[in-house]
Amino acid sequence: MDDFLFSDEALDDVSEVVQGSWKVIVVDDEPEVHAVTKLALSDFEFQDKRLEFISAYSGEEAKQLIEQHPDAAIVLLDVVMETDDAGLRVAKYIRETAKNNHIRIILRTGQPGQAPERQVIVNYDINDYKSKTELTAQKLFTVVMSSLRSYRDILSIEQSRQGLEKIIKASRDIFSTHSLEHFIEGVMQQLTSLLGTVEQAVYATSLVASNPLDNQKKLVVFSGKGEFERSEGKAIEEVLNEEQLQACQEALREKTIVYRENYLFAYCSSEYNHNSMLFISGIPKHLSDTQRHLIEIFSQNVQLAYENVQLQAEIEATQQELVFRLSEALEQRSTETGNHVKRVSHICYELAVGYGLPKREAELIRHAAPLHDVGKVGIPDAILNKPGPLSDEEWAIMKQHAEKGHRILKDSSRDIVNTGAVIALSHHERWDGTGYPAGLKGDDIPIAGRIVALADVFDALRHKRCYKEPWSLEDVVKEINAQQGKQFDPTLIDVFNQRIKEIEDVLVRYPD
């Protein structure tokens, strides 16, 4: 027969196991109860983890420990301590105040009559109720084992829920990426969220970014991080060591995920039959089943996300090239270089970002800026390219190009074209109200028009035209600052002065 645990004889304290353990909070105002509990469970082990005992000798102390150890698995809770219902108050505190629904509460009482089992079970969210007089060492072992199994299953369900939430967010963030350059950063960010740590990554694909129709099967590095950051365009065999290459080939051959001690290779496929491989190093040594499952789901989504991002980038690049080519043709009529529209486009982006516009709005202005002079299509060459001053009649005709540009572009269902219409109509307005065609003043001028006006004048002054030689940077900056509050938005001039280096870099990238 099992010996009863709780006798009048005090027992020596038992050393606690604190590494790789399940936390058990023992709450009782009798020290010998703590000692005998630890002794009875001294050799307890579950899933290669021992028990770590944390002692509290009153209800108030128990509440503090519950807050300090939210990861505790079990609380062995005495009912009667400083008050007759101290333990019940602790149980209520755990569920309602600490909001800890994971910990398993085992209520122990030496006076069952004071807290009837049926009443306690119904009114309090506890998991077991034991009388000290009936609790043998074997029964204590049994109740702790069953409670730990419940706790483990609850954690597993919670991890699965959190994992599902993370994989949804990961897929959302990856699919929202519109830049191939940022793709691998997005991948690593989400993998770090899933795994806790990622040091290096490589994404290699047989789908070459420069030619989506290329059907070759050779894996080429598209992007990398860490020591692989400058490996783009290299064959996968050139960047991996022999051991890594063997693991990669195994994953490719078996179309699966291959795990090694601190890295993995995940095979990624799609309906287009393009093979890709995701290499991740610096992962935790021991991955849970949930983490492995999440990696599997994530790797399945990565390839589809990559192809969507690539398609999006191809469409945007095609649209941008068509806008540039149209705008270049118009600028060449006025003997300006085609690169003028590219420079204005990128200068606008620098100004928009510095002004504090959201990234999407800054990108929209960058894409639409080349359309600012589309109305020139209706201006005769004799007026457009006249080296001398225009007559009043010629100037009246010239000013019509703003409204013509607006008419050509307005009422589109596309944001870029509509923004282009706004820019075409407003980029000749002046901050002081002396511009055209509507004589708008101050903030009544759309911000896109104000930004393009400054970018256009800056680039025109810095480059040679049929009617003038290029100005020095110093002279241009001086002239533009002289127009602060007159031709240009004062705040925009402050941004211009702050970002002059970035603006000059644009001129270097796109010379005449």
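Residues numbered from 1 in each chain as written. Predicted model: local features only at pLDDT ≥ 70, side-chain atom pairs only at ≥ 80, totals over all residues. Heavy atoms only, no water.

### Some details on the overall build of the protein
Thought 1: Counting secondary structure elements, the protein contains 18 helices and 10 strands.
Thought 2: Long-range pairs, those at least 24 residues apart, make up 62% of the contacts in the protein between residues at least 6 apart in sequence.
Thought 3: In the structure as shown, the protein presents an accessible area of about 25700 Å², 48% of it carried by carbon and sulfur atoms. (Helix = DSSP H or I, 4+ residues; strand = E, 2+ residues; numbered from the N terminus. Contact = heavy atoms within 4.5 Å. Areas by Shrake-Rupley, 256 points an atom, 1.4 Å probe, with all protein chains shown as cover.)

### Side note on the packing of aromatic side chains
Thought 1: Tallying each qualifying case throughout the model produces eight aromatic pairs.
Thought 2: On the numbers, 5.7 Å between centres and 55° between planes, the contact of Tyr 263 with Phe 279 is tilted. Here Tyr 263, found in strand β9 (residues 263-268), pairs with Phe 279, found in strand β10 (residues 276-281); they are 16 residues apart in sequence, far enough to count as distant. For the pair formed by Tyr 263 and Phe 279, the shared burial category is buried.
Thought 3: Ring centres of Phe 458 and Phe 496 lie 5.5 Å apart, and the angle between their planes is 70°; on these two criteria the pair is classed as edge-to-face. On the criterion of sequence distance, the pair formed by Phe 458 in helix α15 (residues 447-462) and Phe 496 in helix α17 (residues 490-498) is long-range, its members being 38 residues apart. (Phe/Tyr/Trp six-rings, centres within 6.5 Å; stacked < 30°, edge-to-face > 60°. Buried < 20%, exposed > 50% of the residue type's maximum accessible area, 1.4 Å probe, protein only.)

### Some points on the sheet that holds strand β7 (residues 220-225)
Thought 1: Pairing in this open sheet of five strands is antiparallel, and the strands run β7-β6-β10-β9-β8 from one edge to the other. A strand with exactly one partner marks an edge of an open sheet, and here the two such strands are β7 and β8 (257-259). The sheet shows a mean angle of 10° between the axes of neighbouring strands, taken without regard to direction.
Thought 2: Its contacts with the sheet put helix α8 (residues 242-254) on β8, β9 and β10, and the angle it makes with β9 is roughly 30°. (Pairing = 2+ DSSP bridges. Axes fitted to C-alpha atoms, helices over the stretch in contact; angles between N-to-C directions.)

### Re the sheet that holds strand β5 (residues 128-131)
Thought 1: Pairing is parallel across the open sheet formed by five strands, whose spatial order is β2-β1-β3-β4-β5. Only two strands of the sheet have a single partner each, and these edge strands are β2 (50-56) and β5. Shown here is a sheet whose adjacent strand axes are inclined to one another by a mean of 20°, direction ignored.
Thought 2: Across the sheet, helix α2 (residues 59-68) lies against β1 (21-27) and β2, angled at about 135° from β2, the strand it touches most.

### Observations concerning the side chain of Arg 95
Thought 1: In this structure, Arg 95 sits in helix α3 (residues 86-97).
Thought 2: There is a polar contact of 2.9 Å between the side chain of Arg 95 and the backbone oxygen of Ile 103.
Thought 3: A distance of 3.0 Å separates the side chain of Arg 95 from the side chain of Asn 127, its partner in a polar contact. (Polar contact = N/O pair within 3.5 Å; in protein donor to acceptor, adjacent residues only side chain to side chain.)

### Overview of the pattern of salt bridges
Thought 1: Counted under the stated rule, the structure contains 18 salt bridges.
Thought 2: The salt bridge partner of Arg 253 is Glu 254, with a shortest N-O separation of 3.8 Å.
Thought 3: For Arg 253, a relative accessible area of 56% corresponds to the exposed category.
Thought 4: Residue Glu 254 is classed as partly exposed on the basis of its relative accessible area of 48%. (Salt bridge = Lys/Arg side-chain N within 4 Å of Asp/Glu carboxyl O.)

### A short note on the packing of α17 against helix α18 (residues 500-509)
Thought 1: Between α17 and α18, the least distance of the axes is 5 Å, while the angle of their chain directions is 70°. The angle between the axes of α17 and α18 places the two elements in the roughly perpendicular class. Contacts between α17 and α18 involve Phe 496, Asn 497 and Gln 498 on the former and, on the latter, Ile 500, Glu 502 and Ile 503. (Parallel < 35°, antiparallel > 145°, perpendicular 65-115°, else oblique.)

### As for the confidence of the model for the protein
Thought 1: In this model, the protein carries a mean pLDDT of 80, and residues with pLDDT of at least 70 account for 74%.
Thought 2: Residue range residues 6-19 is modelled with pLDDT below 50. Its contacts to residues more than four positions away, or to other chains, number 22 contacts.
Thought 3: Across residues 208-216, where pLDDT falls below 50, the model places 11 contacts with residues more than four positions away in sequence or in other chains. (pLDDT = per-residue confidence, 0-100.)

### Some remarks on the UniProt feature "modified residue: 4-aspartylphosphate" (unreviewed entry) in the protein
Thought 1: According to UniProt, the positions carrying the feature "modified residue: 4-aspartylphosphate" (unreviewed entry) are Asp 78.
Thought 2: Looking at where Asp 78 falls in the secondary structure, it is placed in strand β3 (residues 74-78).
Thought 3: Since its relative accessible area comes to 3%, Asp 78 is described here as buried. (UniProt positions renumbered as here; feature names shortened; annotations may be inferred.)

### Concerning α15
Thought 1: If you check α15, its first and last C-alpha atoms are 23 Å apart, about what 16 residues at 1.5 Å a residue would give, namely 22 Å.
Thought 2: Burial analysis of α15 places 15 of its 16 residues in the buried class, the great majority of the element. (Expected span 1.5 Å × (residues − 1).)

### Notes on the environment of Ala 424
Thought 1: Here Ala 424 is to be found in helix α14 (residues 415-426).
Thought 2: Relative accessible area serves as the criterion here: at 1%, Ala 424 is assigned to the buried category.
Thought 3: In this structure, the C-alpha to C-alpha distance between Ala 424 and His 406, residues 18 residues apart in sequence, is 5.6 Å.
Thought 4: For Ala 424, the residues in contact, after removing those within four places along its chain, are Leu 371, His 372, Ala 402, Gly 405, His 406 and Leu 409.

### Observations concerning the environment of Ala 40
Thought 1: If you trace the backbone, Ala 40 turns up in helix α1 (residues 31-40).
Thought 2: With a relative accessible area of 21%, Ala 40 lands in the partly exposed category.
Thought 3: Spatially, the C-alpha atom of Ala 40 lies 8.5 Å from that of Gln 138, the residues being 98 residues apart in sequence.

### Quick look at unusual backbone geometry
Thought 1: A cis amide bond links Tyr 436 with the next residue in sequence, Pro 437, at an omega value of 10°.
Thought 2: With respect to the element layout, Pro 437 can be found in the loop between α14 and α15.
Thought 3: Unlike most non-glycine residues, Gln 47 shows phi in positive territory, near 55°.
Thought 4: Relative to the elements of secondary structure, Gln 47 occurs in the loop between α1 and β2.
Thought 5: The class of Gln 47 is partly exposed, set by a relative accessible area of 44%.
Thought 6: One non-glycine residue, Asp 48, lies in positive phi territory at about 65°.
Thought 7: The residue Asp 48 is located in the loop between α1 and β2 in this model.

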